[in-house]
Amino acid sequence: MNQIAVPTNKPGELYIPALGKAIQQVELREDDVYDSVFIPAGAIANGTEFIFFRDIQNKNDQHCNLPQSGRIAAGDEVAVFRVGLHPREAIGNVLTAFTDFRRLAGNASLDLRFNRRIITNGPVIKYPSGYGLSGFSNEVAGAGQAAASVGVPSVAAAPTLFVPQQLRDNDDISCKMRFNDAAWIAGGYTAPTTTTGVLVTLFLRGVIKSPLGK
């Protein structure tokens, strides 16, 4: 008896003898591709760049989900519809200073490319993730403590790309956060200096297509 479909050696792929070709079974899910960078405490020199999706060694799921540097998992495709950046509220037991959130939001810019194709660039305040904490507490010695995020912590309020951008498994993700000077502000600019250091996560939200059974 002839088989209708024969599994190949590729995940989710079936060869159909009657058609003389293979078909790919896939699953779709809405999720994020993400990575994190660390800005250490201290003065940030003009022109300093922090590179996302490049140095992924020893990072765990709370900070990165890329299986390899600069690329998504083999066989996957992502239709990216939102780019969001979120400074994290704590690094282990160290709480990030609110002043450091403000220094990041007020001074840094982002540049995201797939291969050489520009996806988006501009000041980081353009990229609310919709994630994060909100509200106030009196946790520390009765002082009002604020939770901070880039934009409102609401995914409904986070803007989306007008045209979703396709990210394939052979595309190189290039993304840098850069601190430039503001020399045009005569006598009014000093390079930012962080007090606690800031851990920043970049989220590429989209519809991820993966081979079934991978």
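A few points on the structure. Fair warning: this is a prediction, and the values are worked out from it, not measured in the lab. (Residues numbered from 1 in each chain as written. Predicted model: local features only at pLDDT ≥ 70, side-chain atom pairs only at ≥ 80, totals over all residues. Heavy atoms only, no water.)

Before going further, it helps to examine the layout of surface pockets. Put simply, the second largest pocket is a space of about 160 Å³. For the second largest pocket, the lining is made up of 12 residues, of which Arg29, Asn65, Pro67, Ala73 and Asp76 are closest to its centre. Ranked by residues supplied to the lining of the second largest pocket, first place goes to strand S4 (residues 26-39) with three residues. Taken together, the residues of the lining of the second largest pocket sort by class into seven nonpolar, one polar and four charged. (1 Å grid on protein atoms, 1.4 Å probe; cavity = no way out; pocket = protein on both sides within 12 Å on 5 of 7 lines; lining within 4 Å. Points joined across faces, edges and corners; volume = space filled by probe spheres on them. Helix = DSSP H or I, 4+ residues; strand = E, 2+ residues; numbered from the N terminus. Nonpolar A, V, L, I, M, F, W, Y, C, P; charged D, E, K, R; others polar.)

Next up on the list: the packing of aromatic side chains. What the rule picks out here adds up to four aromatic pairs. Taking the centre distance of 6.0 Å and the plane angle of 85 degrees together, the rings of Phe50 and Phe179 count as edge-to-face. Here the residue Phe50 occupies a position in strand S6 (residues 48-52), and Phe179 occupies one in strand S15 (residues 173-179), the gap between them amounting to 129 residues. Under the relative-accessibility criterion, Phe179 is labelled buried at 3%. Both rings, one in Tyr131 and one in Phe203, keep their centres 4.9 Å apart while their planes meet at 80 degrees; by these two values the pair is edge-to-face. (Phe/Tyr/Trp six-rings, centres within 6.5 Å; stacked < 30°, edge-to-face > 60°. Buried < 20%, exposed > 50% of the residue type's maximum accessible area, 1.4 Å probe, protein only.)

A few words now on the side chain of Thr194. Looking at the element boundaries, Thr194 is found in strand S16 (residues 193-194). Of note is the side chain of Thr194, whose polar atom sits 2.9 Å from the backbone oxygen of Pro40. Ignoring any residue separated from it by four or fewer positions in sequence, one finds Thr194 in contact with Ile39, Pro40, Ala41, Gly42, Ile44 and Asp100. (Polar contact = N/O pair within 3.5 Å; in protein donor to acceptor, adjacent residues only side chain to side chain. Contact = heavy atoms within 4.5 Å.)

Let's shift gears to the environment of Val94. Along the chain, the position of Val94 falls in strand S9 (residues 94-95). For Val94, a relative accessible area of 44% gives the class partly exposed. Note: C-alpha distance between Val94 and Gly197 (103 residues apart in sequence) is 9.4 Å.

What follows is about the nonpolar core. Judged by nonpolar contacts, the single largest core of 34 residues is most densely connected at Phe52, Leu85, Met177 and Leu204. At the level of elements, S4, S6, strand S7 (77-87), strand S10 (108-114), S15 and strand S17 (198-211) are the ones that each hand at least two residues to this core. Considering each element in turn, this core owes the most residues, five residues, to S17. When neighbours within four sequence positions are excluded, Leu204 is seen to be in contact with Asp31, Asp32, Val33, Phe53, Val80, Arg82, Val83, Leu112, Phe114 and Ile173. (Core = buried A, V, L, I, M, F, W, Y, C linked by side-chain atoms within 4.5 Å.)

A few words now on the pairing of strand S11 (residues 117-123). When S10 meets S11, the two strands line up antiparallel, connected through six bridges. Within S11, the residue paired with Arg113 across the bridge is Ile118. Connecting the antiparallel pair S10 and S11 is a turn made up of two residues, with Asn115 showing a positive phi of about 55 degrees. (Pairing = 2+ DSSP bridges.)

The final tally for this structure, using the stated rule, is 12 salt bridges. Between Arg205 and Glu30 there is a salt bridge, with the nearest N and O atoms lying 3.4 Å from each other. With Arg205 in strand S17 and Glu30 in strand S4, the pair connects residues that are 175 residues apart, well separated along the chain. For the salt bridge of Asp172 with Arg71, the shortest nitrogen-to-oxygen distance reads 2.8 Å. Here the residue Asp172 occupies a position in the loop between strand S14 (165-168) and S15, and Arg71 occupies one in the loop between S6 and S7, the gap between them amounting to 101 residues. Its relative accessible area of 37% is what places Asp172 among the partly exposed residues. Judged by its relative accessible area of 27%, Arg71 falls in the partly exposed class. When salt bridges with common partners are traced through the structure, they connect Arg29, Glu30, Asp31, Asp32 and Arg205 into a single cluster. (Salt bridge = Lys/Arg side-chain N within 4 Å of Asp/Glu carboxyl O.)

Secondary-structure assignment places Ala43 in strand S5 (residues 42-43). Through-space distance from the C-alpha of Ala43 to that of Thr193 is 4.0 Å; in sequence the pair is 150 residues apart. The residues contacting Ala43, other than those within four sequence positions of it, are Pro192 and Thr193.

Here we take up the sheet that holds S10. Here four strands make up an open sheet; going across it, the order is S6-S15-S10-S11 and the pairing antiparallel. Where the open sheet ends on each side, the last strands, each with one partner, are S6 and S11. Averaged over all pairs of adjacent strands, the angle between strand axes in this sheet comes to 15 degrees, irrespective of strand direction. In this structure, S6 lies alongside S15, joined through five bridges in antiparallel fashion. Bridging across to S15, Phe52 finds its partner in Cys175. Against the sheet, helix H1 (residues 98-107) touches S10 and S15, its axis set at about 110 degrees to S15. (Axes fitted to C-alpha atoms, helices over the stretch in contact; angles between N-to-C directions.)

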